[in-house]
Amino acid sequence: MKRKRIPQSDAAYAPEAHLQWWYFDAAFDDGHRLLTYFLPGFKGRIENQGMDEPFLNVVLKRPDGVIIREPRSFPPSEFFPETGDFGARFGEHCSATFEKGPEEGDLGRYILKAKAGRLGYELVLTPDAPPWSPFGPPARIPRWGMMLARRSISTQDYFHYAPFVPRGRMEGKMVLDGEAFDVRGTGYHEQGRLSFPLYEFTEAWYWLHIEHAPWTILTGTAVHPPGHLKPKKETRGGFAFVHNEGKRLLATADISGLLVNWRRIDKHAPQAEGDVNMAWDAEVRLSRPGLVLNASVRSSEVLE
């Protein structure tokens, strides 16, 4: 049976959204790691930048372990979104666009450009796997779920989320301190948007992206905000996507903890003097008949 595809128009800029993100990461063959995201919409202030301004973050980890992080915001007058489709231009040198393939069923490609402080890039991400969402082809929490989350039968709020490129090939040029170098490797891309403050939906959001060729593993879970019924820690469910050698082995959302089980989540502080601690350890079990994956994660540094 042919899977229903999530259309790119579902990822178009939504000016009414409280938060919208376009996230990309890559593990390059030369040992560099890239994390970058565009926030075309955010109601509030981030990184001591201007109020309600579009935002870009670029984080590069060098093979020697040094991490360079360059955030940048843009005046609304320098933000130019595509009409009815994914993509936007941020200022003069930064953009994220999507090019459709020449044939029906082609997964197309994403073209990324950025200049931020010491860092820059011109990259192309070509998907190897089609878009997927734990919420199905609509790529959003169903209405009954939003009614429960918002405690209102008349709510019009929404939460869209989809890994549009669960696994792909990223290649192009990176720039560090004015020096350009070619890169290629595996890449990932997800998109999301919601119409209300994220802290009203979840106290914390935990997410894993593991690339260990030929495996791609995605999984995440959320901690309910105060006042909501919370599951036992040992049965906390979530979503999971497992891809191996061109085959999708697991793609599910499971709140029961039977298929997706975040058994343990502990925060710790690799940088004791840091103002914000985003480091954490976890034990996760993903399973279905014929497949069991156990992941034990201990973060030693914070990229973003």
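Residue indices follow the written sequence of each chain, beginning from 1 at its first position. Residue-level local features of this predicted model are given only where pLDDT is at least 70; pairs of side-chain atoms are given and counted only at 80 or more, and the full residue set underlies all totals for whole chains, interfaces and linings. With hydrogens and water stripped out, all remaining heavy atoms of the structure feed into the side-chain values.

1. Comments concerning the nonpolar core
How we decide: Throughout this description, the term nonpolar core refers to a set of buried Ala, Val, Leu, Ile, Met, Phe, Trp, Tyr and Cys residues connected via side-chain atoms within 4.5 Å. The rule is simple: take the accessible area with a 1.4 Å probe, protein chains only, and divide by the maximum for that residue type; under 20% is buried, over 50% is exposed, in between is partly exposed. Counting from the N terminus, the helices are the DSSP runs of H or I reaching at least four residues and the strands are the DSSP runs of E reaching at least two. We call two residues in contact whenever any of their non-hydrogen atoms come within 4.5 Å of each other.
In terms of nonpolar packing, the biggest core is built from 34 residues, with Phe24, Phe38, Leu56, Tyr121 and Leu123 touching the most fellow members. At the level of secondary structure, the elements contributing two or more residues to this core comprise strand E1 (19-28), strand E2 (33-42), strand E3 (55-61), strand E6 (87-90), strand E7 (94-99), strand E8 (109-116), strand E9 (119-127) and strand E10 (159-176). Per-element accounting of this core gives the leading share, six residues, to E10. Leaving out residues up to four positions away in the same chain, Leu123 has contacts with Phe28, Leu34, Tyr110, Ile111, Leu112, Met170, Glu171, Gly172, Lys173, Met174 and Val183.

2. Comments concerning the sheet that holds E9
Here is the rule: Pairing between strands is defined by DSSP: at least two bridges between them are needed. Fitted lines through C-alpha atoms give the axes, limited to the stretch in contact for helices. The angle between two N-to-C directions lies from 0 to 180 degrees.
Ordered in space as E4-E3-E2-E1-E11-E10-E9-E8-E7-E6-E5, the 11 strands form an open sheet in which the pairing is antiparallel. A strand with exactly one partner marks an edge of an open sheet, and here the two such strands are strand E4 (67-73) and strand E5 (79-81). On average, adjacent strands in this sheet sit at an angle of 20° to one another, irrespective of strand direction. Pairing analysis gives nine bridges linking E9 to E10, with the strands arranged antiparallel. Bridged to Leu123 within E10 is Gly172.

3. Considering unusual backbone geometry
One can expect most non-glycine residues to show negative phi and most peptide bonds to be in trans. Following Ala213, the chain continues to Pro214 via a peptide bond in cis, the omega torsion being 5°. Tracing the chain through its elements places Pro214 in the loop between strand E12 (204-212) and strand E13 (215-223). Positive phi, close to 55°, is recorded for Arg151, a residue that is not glycine. Tracing the chain through its elements places Arg151 in the loop between helix H1 (143-150) and E10. Positive phi values are uncommon outside glycine, yet Glu245 reaches one of about 50°. Mapped onto the secondary structure, Glu245 falls in the loop between strand E14 (238-244) and strand E15 (247-254). Taking relative accessible area as the criterion, Glu245 reaches 63% and is therefore assigned exposed.

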